Amino acid sequence: MADIRLEGVGHSYDGGRTWALRPMTWTWRSDRAYALLGPSGCGKTTLLNIISGLLSPTTGRVWLGDRDVTAVPTARRNIAQVFQFPVLYEEMSVYDNLAFPLRNRKYPKAEIDQRVRRVSHLLGLDDHLRRRSRRLDPGRQQIVSLGRGLVRPEVAAVLLDEPLTVIDPAMKWTLRSKLKEIHRDTGHTLIYVTHDQTEALTFADEVVVLNEGEIVQAGEPTELFLSPAHEFVGHFIGSPGMNVVPAEIAGGAVRVGAEAVGRAVGEDGDLPPGPVRIGVRPEFVRITAAQATPGLTARITGVDRMGAYDLVRARVDDHPLVAKTGAGSRYAPGAVEFFRFDAGRAFLFRDAVRCGSIAPLDGRDGS
Amino acid sequence: MTGERLNDVSGDVSGEVSTAGAVVAGDRVEPEAPVGAALPRDEPGGQADTKPRNNRAWFLVLPVVVSVAFTAVIPLMTVVNFSVQDIFSPTDRIFVGLDWFRSVSRDPEVRAAFVRTLLFSAQVLLLEIPLGVAIAVSMPRHGLGVPVALVLVALPLLIPWNVVGTIWQIFARGDIGLGGWTINNVLGVNFNYTLDSTDAWITVLIMDVWHWTPLVALLAYAGLRSIPEPYFQAAQIDAASGWATFRHIQLPRLRGVLTIAILLRFMDSFMIYTEPFVVTGGGPGNATSFLSILLSKIAVGQFDLGPAGAFSLLYFLTVQIVSYVFFTVLTRTGR
Ligand SMILES: Nc1ncnc2c1ncn2[C@@H]1O[C@H](COP(=O)(O)OP(=O)(O)OP(=O)(O)O)[C@@H](O)[C@H]1O
Ligand SMILES: [Mg+2]
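Each value, and the rule that gives it
- Counting restarts for each chain, with residues numbered from 1 along the sequence as it is written.
- As they are written, the chains are lettered A onward and the ligands numbered 1 onward, keeping that order.
- Where totals are concerned, whole chains, interfaces and linings use all residues; where local detail is concerned, this predicted model gives features only for residues with pLDDT of at least 70, and gives and counts side-chain atom pairs only at 80 or more.
- With hydrogens and water stripped out, all remaining heavy atoms of the structure feed into the side-chain values.
- Per the convention used, a helix needs a DSSP run of H or I reaching at least four residues, while a strand needs a run of E reaching at least two, with both numbered from the N terminus.
- Each residue's exposure class comes from its accessible area (1.4 Å probe, protein chains only) as a fraction of the maximum for that residue type: buried when under 20%, exposed when over 50%, partly exposed otherwise.
- Any two residues whose heavy atoms approach within 4.5 Å are treated as being in contact.
- Accessible surface is estimated by sampling points in the Shrake-Rupley manner with a 1.4 Å probe; for residues, cover comes only from the protein chains shown.
- UniProt positions are given in the numbering used here, feature names are shortened, and annotations may be inferred rather than shown by experiment.
- Note on geometry: axes are lines fitted to C-alpha atoms, helical ones only across the stretch in contact, with angles between N-to-C directions running from 0 to 180 degrees.
- Reported orientations rely on four angle classes, namely roughly parallel under 35 degrees, roughly antiparallel over 145, roughly perpendicular from 65 to 115, and oblique for the rest.
- Should the near helix be turned anticlockwise from the far one by less than a right angle, the crossing is termed left-handed; should it be turned clockwise, right-handed.
- Here the nonpolar group is Ala, Val, Leu, Ile, Met, Phe, Trp, Tyr, Cys and Pro; Asp, Glu, Lys and Arg are the charged ones; every other residue, Gly included, is treated as polar.
- Simply put, the buried area is the total loss of 1.4 Å probe accessible area from both parts when two parts are fitted together.
- When a carboxyl oxygen of Asp or Glu lies within 4 Å of a side-chain nitrogen of Lys or Arg, that pair is called a salt bridge.
- Polar contact is defined as a pair of N or O atoms within 3.5 Å, subject to the rule that within protein one atom must be able to donate a hydrogen and the other to accept it, and that residues adjacent in sequence are counted only when both atoms are side-chain atoms.
- Per the annotation, domain bounds derive from an automatic or database assignment of domains.
- Think of it this way: DSSP has to see at least two bridges between two strands before they count as a pair.
- Residue types Ala, Val, Leu, Ile, Met, Phe, Trp, Tyr and Cys, when buried and joined through side-chain atoms within 4.5 Å, form a set referred to as a nonpolar core.
- Any residue with at least one heavy atom within 4 Å of a molecule or strand is counted as near it.

Trainee: Account for the overall build of chain B, with residues named and values stated.
Mentor: Per the secondary structure count, chain B includes 17 helices and two strands. Counting every position in chain B, which comprises 335 residues, the buried fraction comes to 37%. For chain B, long-range pairs separated by at least 24 residues make up 65% of all intrachain contacts whose partners lie at least 6 apart in sequence. Looking at chain B as shown, the accessible area adds up to about 19000 Å², and 68% of this sits on carbon and sulfur atoms.

Trainee: Describe the UniProt feature "transmembrane region" (unreviewed entry) in chain B, naming the residues involved and giving the relevant values.
Mentor: Residue and element names in this part refer to chain B. UniProt's feature table lists "transmembrane region" (unreviewed entry) at residues 57-80, 113-137, 149-171, 200-224, 256-274 and 310-330, given in the numbering used throughout. Helix makes up 100% of residues 200-224 and strand 0%, whereas the separation of the span's terminal C-alpha atoms amounts to 35 Å. The distance separating the terminal C-alpha atoms of residues 310-330 is 30 Å; by composition the span is 100% helix and 0% strand.

Trainee: Residues and numbers for the packing of helix α5 (residues 62-83) of chain B against helix α17 (residues 305-332) of chain B, please.
Mentor: Residue and element names in this part refer to chain B. Axis separation between α5 and α17 bottoms out at 7 Å; the angle between their running directions is 125°. By the angle class used here, α5 and α17 are oblique. Judged by the sense of rotation from one axis to the other, the crossing of α5 with α17 is left-handed. On the side of α5, the interface is formed by L76, V79, V80, F82 and S83, while α17 contributes L305, G306, G309, A310, S312, L313 and F316. Looking at the contact of α5 with α17 residue by residue, the class counts come to eight nonpolar, four polar and no charged.

Trainee: Tell me about the interface of chain A and chain B, and name the residues and values.
Mentor: Accessible area lost during the coming together of the parts is what is often quoted as the interface size. The interface of chain A with chain B comprises 32 residues on the first partner and 23 residues on the second. For the pair chain A and chain B, the summed buried area comes to about 2200 Å², and 56% of that belongs to carbon and sulfur atoms. When residues of chain A are sorted by the area they lose upon contact with chain B, F83, Y89 and E91 of chain A head the list and together hold 20% of the total. Across the contact surface, chain A and chain B share three salt bridges. Residues E91 of chain A and R247 of chain B are paired through a salt bridge, measuring 3.7 Å at the closest nitrogen-oxygen approach. Counting across the interface, chain A meets chain B through eight residue pairs in polar contact (both at pLDDT 80 or more). Every element with two or more residues in the side of chain A that touches chain B is listed here: β6 (79-82), α2 (94-104) and α4 (138-150) of chain A. Considered class by class, the residues forming the side of chain A that touches chain B number 15 nonpolar, five polar and 12 charged.

Trainee: Describe the domain arrangement of chain A, listing the residues and the values that go with them.
Mentor: Residue and element names in this part refer to chain A. Under the domain assignment used here, chain A contains domain 1 (4-231) and domain 2 (239-365). Here the C-alpha centroids of domain 1 and domain 2 sit 39 Å apart. Contact with domain 1, which involves nine residues of that partner, is made by 13 residues of domain 2. Surface buried jointly by domain 1 and domain 2 totals about 1000 Å² across both partners, of which 56% is contributed by carbon and sulfur atoms. The largest share of the area that domain 1 buries against domain 2 comes from F225, L226 and E231, three residues that together contribute 57% of it. Between the two partners, domain 1 and domain 2, sit one salt bridge. We note a salt bridge from E231 to R277, for which the minimum N-O separation is 2.8 Å. Counting the contacts that link domain 1 with domain 2 gives six residue pairs in polar contact (both at pLDDT 80 or more). No other element matches helix α7 (residues 221-226), which puts three residues into the side of domain 1 that touches domain 2. Here the residues of the side of domain 1 that touches domain 2 sort into five nonpolar, three polar and one charged.

Trainee: Residues and numbers for the sheet that holds β6 of chain A, please.
Mentor: Residue and element names in this part refer to chain A. A sheet is described by the order of its strands in space; here six strands give the open sequence β6-β7-β8-β3-β9-β10, paired in mixed fashion. If you trace the sheet from one side to the other, it starts and ends with β6 and β10 (214-219), each paired once. The mean angle between the axes of side-by-side strands here comes to 20°, regardless of whether they run parallel or antiparallel. Sheet topology places strand β3 (residues 33-37) next to strand β8 (residues 189-194); five bridges connect them, and they run parallel. If you follow A35 over to β8, its bridge partner there is Y192. The sheet strands contacting helix α1 (residues 44-52) are β3, β6, β7 (157-161), β8 and β9 (206-211), and the helix crosses β7 at an angle near 155°.

Trainee: Could you give me a rundown of the nonpolar core, with the residues and numbers involved?
Mentor: The biggest cluster of nonpolar side chains holds 53 residues, and the ones touching the most others in it are Y89 of chain A together with I129, I249, L254, L291, F311 and Y315 of chain B. Filtering out sequence-adjacent residues up to four positions away, F311 of chain B remains in contact with V104, V110, L291, L294, L295 and I298 of chain B. Listed in part, the 44 residues of the second largest apolar core include A35, V119, L164 and V233 of chain A.

Trainee: With reference to specific residues and values, describe the UniProt feature "domain: ABC transmembrane type-1" (unreviewed entry) in chain B.
Mentor: When the UniProt feature table is mapped to this numbering, "domain: ABC transmembrane type-1" (unreviewed entry) covers residues 114-326 of chain B. Its end C-alpha atoms 18 Å apart, residues 114-326 of chain B is made of 74% helix and 0% strand.

Trainee: Just give me the short version of the sheet that holds strand β19 (residues 336-341) of chain A, but keep the residues and values in it.
Mentor: All names here are of chain A. Read across the open sheet, the five strands follow the order β15-β19-β16-β17-β18; overall the sheet is antiparallel. Looking at the sheet topology across the chains shown, the edges are occupied by β15 (285-288) and β18 (319-326). Strand-to-strand, the axes of this sheet are offset by a mean angle of 50°, without reference to chain direction. One ladder, built from four bridges, connects β15 with β19; its direction is antiparallel. When the bridges of β19 are listed, V285 appears paired with F341.

Trainee: Can you tell me about the pattern of salt bridges, naming the residues and giving the values?
Mentor: Note on pairing: side chains with opposite charge can pair once their charged atoms come close. Counting across every chain of the model gives 28 salt bridges over all chains. Its salt-bridge partner being D304 of chain A, residue R313 of chain A comes within 2.6 Å of it at the nearest N-O pair.

Trainee: Help me get a handle on the pairing of β19 of chain A, residues and values and all.
Mentor: Two strands pair when backbone bridges link them, and strand β16 (residues 295-305) of chain A and β19 of chain A are joined in this way by five bridges, in the antiparallel orientation. If you follow A298 of chain A over to β19 of chain A, its bridge partner there is E337 of chain A.

Trainee: Tell me what's going on with the site of ligand 1, and back it up with residues and numbers.
Mentor: Residues and elements named next belong to chain A. Residues in contact with ligand 1, as listed here, are Y13, A20, P39, S40, G41, C42, G43, K44, T45, T46, E162 and H195. Between an oxygen atom of ligand 1 and a side-chain N or O atom of E162, the distance comes to 3.2 Å. Protein chains bury 56% of the 630 Å² of accessible surface belonging to ligand 1 in isolation. Residue classes in the shell around ligand 1 are distributed as four nonpolar, six polar and two charged.

Trainee: Before we move on, can you summarise the environment of T318 of chain B with the specific residues and values?
Mentor: Residue and element names in this part refer to chain B. Tracing the sequence through the fold places T318 in helix α17. Between the C-alpha atoms of T318 and V96, which are 222 residues apart in sequence, the distance is 23 Å. The contacts of T318, once residues within four sequence positions are left out, are F114 and F270.

Trainee: Give me the side chain of E128 of chain B: which residues, what numbers.
Mentor: Residue and element names in this part refer to chain B. Within the fold, E128 resides in helix α7 (residues 108-138). A polar side-chain atom of E128 sits 3.4 Å from the main-chain amide nitrogen of V209. With residues up to four places along the chain from it excluded, the contact list for E128 reads D208, V209, W212, T213, V216 and R265.

Trainee: Hey, could you go over the side chain of S292 of chain B for me, with residue numbers and the actual values?
Mentor: Relative to the elements of secondary structure, S292 of chain B occurs in helix α16 (residues 291-301). Judged by relative accessible area, which is 8%, S292 of chain B ranks as buried.

As structure tokens, this is what we get:
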């Protein structure tokens with residue numbers, strides 16, 4: 001199998017005025033399960049369609065291993081794609097649906113039969129092979145759509161474009177574990193598009209976050225959660241999203257208004273003074289009596305009881321700050337408390353991109 | 001009887017069959033049914049039965065009943081009235097029962113016209129449906145070509161029947177018509193629709209194809225446009241040829257619109273009147289004398305109201321029955 005490499009690939013639907021996908025260079029490594037995560041309209045489908053060849057990119061080249069496939073039509077790329085809703089040849093039986101891509105490619109009958117049976121076994125469709133595909137429930141229909149991709153022997157990657165949207169929640173769970181299983185058994189590269197973060201985080205080896213046509217961060221699920229490289233990742237992943245509080249760097253310290261929150265630690269060298277934004281997840285904000293930095297004081301405005309945990313809402317200079325605490329907390333609205341940030345979990349962002357973190361003020365390095 | 005009751009899904013199963021209602025609900029939840037379709041059936045029957053029923057909404061249908069009575073039923077009844085009487089003068093008439101029906105249905109001229117009209121309709125369908133679908137498939141899906149193609153295709157539909165007749169009457173003439181002249185002098189085939197019955201038939205048939213294929217094409221085009229893009233993308237991924245894409249994606253999804261197209265074209269061609277009347281007047285001989293032309297000859301030309309009434313009713317019934325058969329066959333097959 002082969003890596004899929006995008007070299008300066010970008011796409012514009014309107015002749016270059018706006019980019020649906022900004023030119024990017026990126027490699028999808030062989031045999032991995034990726035989740036492509038992003039809000040509606042950020043270019044996920046566009047990216048998949050470029051990989052599968054349904055769309056030719058405005059700029060850039062697409063490589064499959066060491067083969068330049070930019071100009072190769074979809075049918076001759078070794079890529080399968082599953083769409084948002086089940087796409088079936090409805091008047092055909094399940095068997096014929098699965099055999100269809102092979103018949104079109106003129107495989108010998110015996111091999112077709114053998115492959116169809118293997119895939120149907122893998123997907124648990126054995127009992128349904130003779131049924132008309134239209135009669136299946138949506139979950140199975142989607143499995144059949146997936147099966148049409150898996151029967152082809154040469155397939156290197158399977159692209160799934162929000163495949164579970166039409167499926168009810170209980171079935172979703174089964175299907176997702178089935179997908180994982182298939183990935184383990186077949187070793188296809190999987191790219192799984194979703195805008196549901198739990199789906200992405202539970203499914204993938206690596207999560208790629210796309211925003212406004214740009215890859216803003218890629219990494220393992222925990223990495224995205226613990227150290228977001230972009231404000232958007234902080235917002236989009238986690239529930240509720242990351243707190244963002246405008247601040248100022250002056251004399252090496254991070255200040256919110258007059259209060260010194262902590263020491264600014266640049267990622268590469270010292271941070272120049274000027275405005276900056278603090279980003280810290282509610283999970284890493286604690287309300288403590290001891291006023292040890294990094295942290296700040298804020299006025300509590302309310303508490304949301306969520307069952308397993310509480311969300312304590314507060315305001316700092318008119319900016320909201322949320323802390324996630326154990327259930328049954330007793331904080332009264334109006335009280336002023338100290339909100340301490342966990343060591344190494346509060347970051348600084350400039351132009352939405354992470355540029356550093358916050359360390360305690362007293363000279364010890366927090367991270 | 002009980003079986004029929006059980007299969008009745010509508011809420012009409014009222015209070016007295018509450019147990020049967022429960023069986024209905026229980027039976028109907030098939031594990032394989034699509035989730036969406038299964039939803040309304042999940043309602044337990046016992047619960048539905050306790051709801052009070054108020055059927056006064058039927059009164060809202062009254063205006064429709066009244067207007068249909070005036071537009072369809074009452075005129076039809078006057079025809080029925082004619083068909084069972086022999087009328088000599090407005091004051092002098094006798095009841096003849098079904099005599100007119102018997103004589104009309106045994107009349108060789110009527111029978112010949114019936115066969116002729118049926119043959120014509122069959123040919124119209126065989127030509128117009130495939131041709132219309134072919135045109136629809138080759139019409140562009142995106143871009144500036146769409147409005148251009150739509151206008152060009154729809155043009156013949158905008159021309160009134162008798163104008164179409166006149167256009168073709170002149171167009172097909174051997175001496176001054178472009179079409180007829182070309183066939184005679186360029187292709188060297190002797191063609192004269194006023195003398196040769198085959199030529200007359202072909203002229204009328206081609207005229208109908210020209211006039212009405214666009215309707216089939218537009219209906220089919222609308223059907224094709226409603227197919228979501230991913231179906232075509234999946235076909236590309238599965239390396240389906242153009243023909244396979246048509247056969248397995250487009251054609252199955254045209255079933256609905258083609259059913260309508262076939263019904264419309266059958267009814268229309270079976271009742272065709274104006275165009276052949278203008279072009280050939282039913283001739284030469286009886287070559288293009290379709291049922292409607294014969295009917296108007298009997299009713300208007302000879303003023304035989306009794307036979308004409310019986311004829312009309314039989315004609316009407318035939319259209320109904322054939323349409324019903326078409327509809328049933330087309331909607332039942334392949335389910
Ligand atoms: N065929 C098209 N013509 C013009 N613009 C398009 C077309 N397809 C998509 N776009 C635009 O390109 C951008 C990216 O679209 P894309 O479909 O890739 O988003 P997406 O991430 O898949 O969104 P969703 O989650 O809603 O599926 C959107 O702003 C969209 O409006
Ligand atoms: Mg999409």
